[in-house]
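Residue-level structure breakdown
Chain residues, written in single-letter form:
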Amino acid sequence: MTRYPMILQVVLDGTNIRELAEFYRKLFGLQYRPGDEPPAAGDPDERGTDWLVLQNPQGGPQLAFQQVDRLIPTTWPDDTVPMQLHLDTTVESVSELDAQHERALALGAKMVYDRSTDPDEPLRVYADPAGHPFCIFVS
């Protein structure tokens, strides 16, 4: 029987990984891996300058964040700087898509592409605060 590796996490680079982790924590209801939580007000954020991990309370792959000095955001749908990777997420209805749209914008996402009126597969594509693309579509 062939054995296969399992996906542990998706890693996103960022120039401010604490801000990026907070965006995704709030957007997806994730929690920090023990020890990666934000420090108390006024304390230095040593973990937030290198590597952070968010976990799903229900299990499954994690989101991790790696600090980099420079990041060139995608220019998609223009292909000057391709997506290279993006996150696909789903909701159950167009009304939920609309509700999550408002949440994503309030948390700092920028809408890049709107196909929410497509009768076969309504979706919206966003860029997170660091410029990484992610989709929310109705499944």
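Look up: the structure comes first, before these words.
Model, not experiment: these values are computed from the prediction. (Residues numbered from 1 in each chain as written. Predicted model: local features only at pLDDT ≥ 70, side-chain atom pairs only at ≥ 80, totals over all residues. Heavy atoms only, no water.)

Moving on to helix α1 (residues 17-28). Relative to the 16 Å expected for 12 residues at 1.5 Å per residue, α1 spans 16 Å between its end C-alpha atoms, a close match to the ideal helical length. Phi for Gly29, located one or two positions after α1, is positive at around 70 degrees. (Helix = DSSP H or I, 4+ residues; strand = E, 2+ residues; numbered from the N terminus. Expected span 1.5 Å × (residues − 1).)

Between its first and last C-alpha atoms helix α2 (residues 94-107) spans 20 Å; for 14 residues at 1.5 Å apiece the expected length is 20 Å, and the two agree. The set of residues buried in α2 consists of Leu97, Gln100, His101 and Ala104. The buried residues of α2 occupy one face: seen down the axis, they fall within an arc of 115 degrees. Projecting away from the buried face of α2 at angles above 90 degrees are the exposed residues Ser95, Glu102 and Ala106. Among the structural elements, α1, β5 (87-91), β6 (110-115), β7 (123-127) and β8 (133-138) are those in contact with the buried residues of α2. (Buried < 20%, exposed > 50% of the residue type's maximum accessible area, 1.4 Å probe, protein only. Arc of directions from axis to C-beta. Contact = heavy atoms within 4.5 Å.)

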